[in-house]
Amino acid sequence: MNLIFLGAPGAGKGTLATLLSREYGIPQISTGDLFRAAVKEGSELGNKVKGIMEKGELVPDSLTVELVRQRLAKADAGGGYILDGFPRTIVQADALAGFEQIDHVINFEIDDQLVIRRLSGRRVCRSCGAIYHVDNMPPKVEGKCDRCGGELYIRDDDKIDSIKNRLRVYKEQTEPLIAYYRDKGLLREIDSSRSPQHSLEQIKGILE
Ligand code: AMP
């Protein structure tokens, strides 16, 4: 099953992609995570995208599409995948349609105020990438990952100015994809303003 998770930053795509990936045994492919890994490695790609990401702007389409094309060519994506955070522009969606067949596009619906609350409370493990939230999903020990004991931190792009910019970029460049996929008959909508469990049940209802 080839899935796209679409929605504003902070809508819960990453959390749900992790849950669903475990349950269905298909990989979660997050372009944000791939870019963050490149930045951490200090690779050529990482150096190109670091400043763009800190400001909450989008990485150029050509770089992003190439990254996804290479990732989808790996064996583990052969039995299906969840694209989390890609595509984010019409150009990316058109490019993807040229080399992949998508089964469902799940649109995570949520309002801006809730996005701001969620993102500003988000904490991420520096070692394994697990996601927590100070209110909704706190770690057992403050500042420490339950899974691996790694240090939890606030992403640079989860700081308030960057959050506002990411929302603006989302509305200008990514929101048009809702109509794009609706026209193709692929769009499925969920209310992602409640718990991850509630979102998971809605998605399973769509897929099963
Ligand atoms: P995310 O973790 O999905 O919020 O992504 C973090 C950042 O990575 C974004 O703010 C962008 O700078 C970059 N990024 C992730 N996915 C894409 C994409 N599909 N197109 C362009 N930039 C992206």
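This section reports on the structure supplied with the text.

The rules behind the values
- Residues numbered from 1 in each chain as written.
- Predicted model: local features only at pLDDT ≥ 70, side-chain atom pairs only at ≥ 80, totals over all residues.
- Heavy atoms only, no water.
- Helix = DSSP H or I, 4+ residues; strand = E, 2+ residues; numbered from the N terminus.
- Rg over C-alpha atoms; globule rule 2.2 N^0.38 Å.
- Buried < 20%, exposed > 50% of the residue type's maximum accessible area, 1.4 Å probe, protein only.
- Salt bridge = Lys/Arg side-chain N within 4 Å of Asp/Glu carboxyl O.
- Near = heavy atom within 4 Å.
- Polar contact = N/O pair within 3.5 Å; in protein donor to acceptor, adjacent residues only side chain to side chain.
- Areas by Shrake-Rupley, 256 points an atom, 1.4 Å probe, with all protein chains shown as cover.
- Nonpolar A, V, L, I, M, F, W, Y, C, P; charged D, E, K, R; others polar.
- Pairing = 2+ DSSP bridges.
- Axes fitted to C-alpha atoms, helices over the stretch in contact; angles between N-to-C directions.
- Core = buried A, V, L, I, M, F, W, Y, C linked by side-chain atoms within 4.5 Å.
- Contact = heavy atoms within 4.5 Å.
- Parallel < 35°, antiparallel > 145°, perpendicular 65-115°, else oblique.

A few words now on the overall build of the protein. Regarding its fold elements, the protein presents 9 helices and 8 strands. Radius of gyration (C-alpha) of the protein: 16 Å, near the 17 Å computed for a compact globule of 208 residues. The principal-axis extents of the C-alpha atoms in the protein amount to approximately 45 × 40 × 35 Å. Here the protein holds 208 residues, and the buried ones make up 46% of them.

With the exception of glycine, most residues fall at negative phi, and the peptide bonds are largely trans. Across the junction of Phe86 and Pro87, the peptide omega takes the value -5 degrees, indicating a cis bond. Along the polypeptide, Pro87 turns up in the loop between β3 (81-84) and α5 (90-97).

A separate point is the pattern of salt bridges. With the rule as written, the count across this model stands at 15 salt bridges. Across the pair Asp33 and Arg36 runs a salt bridge whose closest N-O atoms are separated by 2.8 Å. One end of the pair, Asp33, and the other, Arg36, are both in helix α2 (residues 31-41), 3 residues apart, so they sit about a helical turn from each other. Since its relative accessible area comes to 40%, Asp33 is described here as partly exposed. The shortest N-O distance in the salt bridge between Asp158 and Arg166 comes to 2.9 Å. What makes Asp158 buried here is its relative accessible area of 2%. What emerges from the salt-bridge pattern is a single network uniting Arg122, Arg155, Asp157, Asp158 and Arg166.

A few words on the site of the ligand. The full set close to the ligand counts 16 residues, and Thr31, Arg36, Glu57, Gly85 and Gln92 are the nearest of them. Residue Arg166 places a side-chain N or O atom 3.2 Å away from an oxygen atom belonging to the ligand. For the ligand, the accessible surface in isolation is 480 Å², of which the surrounding protein chains cover 95%. It is α2 that provides the largest number of residues to the shell around the ligand, a total of 4 residues. Residues of the shell around the ligand, tallied by class, amount to 5 nonpolar, 5 polar and 6 charged.

What follows deals with the sheet that holds strand β1 (residues 2-7). In a beta sheet, neighbouring strands pair by backbone hydrogen bonds and run either parallel or antiparallel. What the 5 strands build is an open sheet, ordered β2-β3-β1-β4-β8; its pairing is parallel. Edge positions in the open sheet fall to β2 (28-30) and β8 (187-191), since each of these has one partner strand only. Mean inter-strand twist for the sheet, computed between neighbouring axes without regard to direction, equals 25 degrees. In the sheet, β2 pairs with β3 via 3 bridges, with the strands oriented parallel. Bridged to Gln28 within β3 is Ile82.

Take the nonpolar core next. Counting 43 residues, the largest nonpolar core has Phe5, Leu83, Tyr181 and Ile203 as the members making the most contacts within it. Once residues within four sequence positions are removed from consideration, Leu83 is found in contact with Leu3, Ile4, Phe5, Ile29, Val68, Leu72 and Leu96.

Let us look at the packing of α2 against helix α4 (residues 61-72). The interhelical angle for the contact between α2 and α4, taken along N-to-C directions, is 100 degrees, at an axis separation of 11 Å. Classified by the angle between their axes, α2 and α4 sit roughly perpendicular to one another. When α2 is examined against α4, the residues Thr31, Leu34 and Phe35 are found in contact with a partner set consisting of Thr64, Leu67, Val68 and Arg71. Its residues assigned to classes, the contact of α2 with α4 shows 4 nonpolar, 2 polar and 1 charged.

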